[in-house]
Amino acid sequence: MADHDGDAGAFEELAVPHFARLYNFACWLTQDRASAEDLVQETFMKALKGFSSFRQGTNFRAWMYRILRNTFLTSQAGLKASVSIDSDDAPPEPATIETPESVLLARAEQETIQTALKELPVNFREIILLCDLEEMSYQEISQALGIPIGTVMSRLSRARRAMRALLAAGIEEASR
């Protein structure tokens, strides 16, 4: 790859493949489609503006996620982090042979997981999403969040424990 300093073409080549995943992550963080669109747009503008500071050979994906996260955390949405997500905005489910019962169970399970994720503090929600949804390595998460790998592992462990507790509480509540 050629030297990228100030080269919008090089930025586009690197950034565009990450757009959909960044948008998906932004939707989970903001819990609102319009806010997610604004967040991703602002992230891309900041990334393009600061592209000359990107060090070639480092992880571009982690760099973009870090910009998105920092932008979110300094935004009003990030400060509040309490906007709800509409069930119509849920990601499409995979195509399978479905029965009315399986559709109902899958929808209930998805709603339970979304509800539990909403209840988590942002620092727990983002680490679960980066690891489990975005399938980032601990190293990439460390770079994206600007925290040591040991902190990634311990925070992920605490986040998963909190998620399990919320899901268990939700299941108990539903069975009453």
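Described below are features of the structure shown in this document. (Residues numbered from 1 in each chain as written. Predicted model: local features only at pLDDT ≥ 70, side-chain atom pairs only at ≥ 80, totals over all residues. Heavy atoms only, no water.)

1. Observations regarding the environment of Met 163
Here's step 1: Position of Met 163 among the secondary structure elements: in helix H9 (residues 149-175).
Here's step 2: Judged by its relative accessible area of 10%, Met 163 is buried.
Here's step 3: Residues Met 163 and Leu 120, 43 residues apart in the sequence, show an inter-C-alpha distance of 7.2 Å.
Here's step 4: Setting aside its immediate chain neighbours within four residues, Met 163 contacts Ile 113, Ala 116, Leu 117, Leu 120 and Ile 128. (Helix = DSSP H or I, 4+ residues; strand = E, 2+ residues; numbered from the N terminus. Buried < 20%, exposed > 50% of the residue type's maximum accessible area, 1.4 Å probe, protein only. Contact = heavy atoms within 4.5 Å.)

2. Quick notes on the nonpolar core
Here's step 1: One finds Phe 11, Phe 51, Phe 60, Trp 63, Met 64, Leu 68 and Ile 141 to be the most contacted residues of the largest nonpolar core, which totals 45 residues.
Here's step 2: For this core, the elements supplying multiple residues, two or more each, are helix H1 (8-15), helix H2 (19-30), helix H3 (33-49), helix H4 (60-74), helix H6 (100-119), helix H7 (122-133), helix H8 (138-145) and H9.
Here's step 3: Looking at this core, the element that brings in the most residues is H4, giving eight residues.
Here's step 4: Excluding residues within four positions of it along the chain, Met 64 makes contact with Phe 11, Ala 15, Leu 22, Thr 43, Phe 44 and Ala 47. (Core = buried A, V, L, I, M, F, W, Y, C linked by side-chain atoms within 4.5 Å.)

3. A look at the packing of H1 against H3
Here's step 1: At a minimum axis separation of 10 Å, H1 and H3 run at an interaxial angle of 135°. In terms of axis orientation, H1 runs oblique to H3. Read as a crossing pair, H1 and H3 show a hand that is right-handed. Contacts between H1 and H3 pair Ala 8, Phe 11 and Ala 15 from the former with Phe 44, Ala 47 and Leu 48 from the latter.
Here's step 2: Residues that form the contact of H1 with H3 fall into these classes: six nonpolar, no polar and no charged. (Axes fitted to C-alpha atoms, helices over the stretch in contact; angles between N-to-C directions. Parallel < 35°, antiparallel > 145°, perpendicular 65-115°, else oblique. Left-handed = near helix turned anticlockwise from the far one by under 90°. Nonpolar A, V, L, I, M, F, W, Y, C, P; charged D, E, K, R; others polar.)

4. Structural notes on the packing of aromatic side chains
Here's step 1: A full pass over the atoms with the stated rule returns 12 aromatic pairs.
Here's step 2: Centroid distance Phe 51 to Trp 63: 6.4 Å. Interplanar angle 55°. Geometry classified as tilted. One end of the pair, Phe 51, is in the loop between H3 and H4; the other, Trp 63, is in helix H4, and 12 residues separate them in sequence.
Here's step 3: Of the residues examined, Trp 63 reaches a relative accessible area of 19% and is grouped as buried.
Here's step 4: Ring geometry for Phe 60 and Trp 63: centres 5.5 Å apart, planes at 40°, overall tilted. Placement of the pair is Phe 60 and Trp 63 together in helix H4, with a separation of three residues, close to one helical turn.
Here's step 5: Clustering of aromatic rings is evident, with ring pairs tying together Phe 11, Phe 19, Tyr 23, Phe 44, Phe 51, Phe 54, Phe 60 and Trp 63. (Phe/Tyr/Trp six-rings, centres within 6.5 Å; stacked < 30°, edge-to-face > 60°.)

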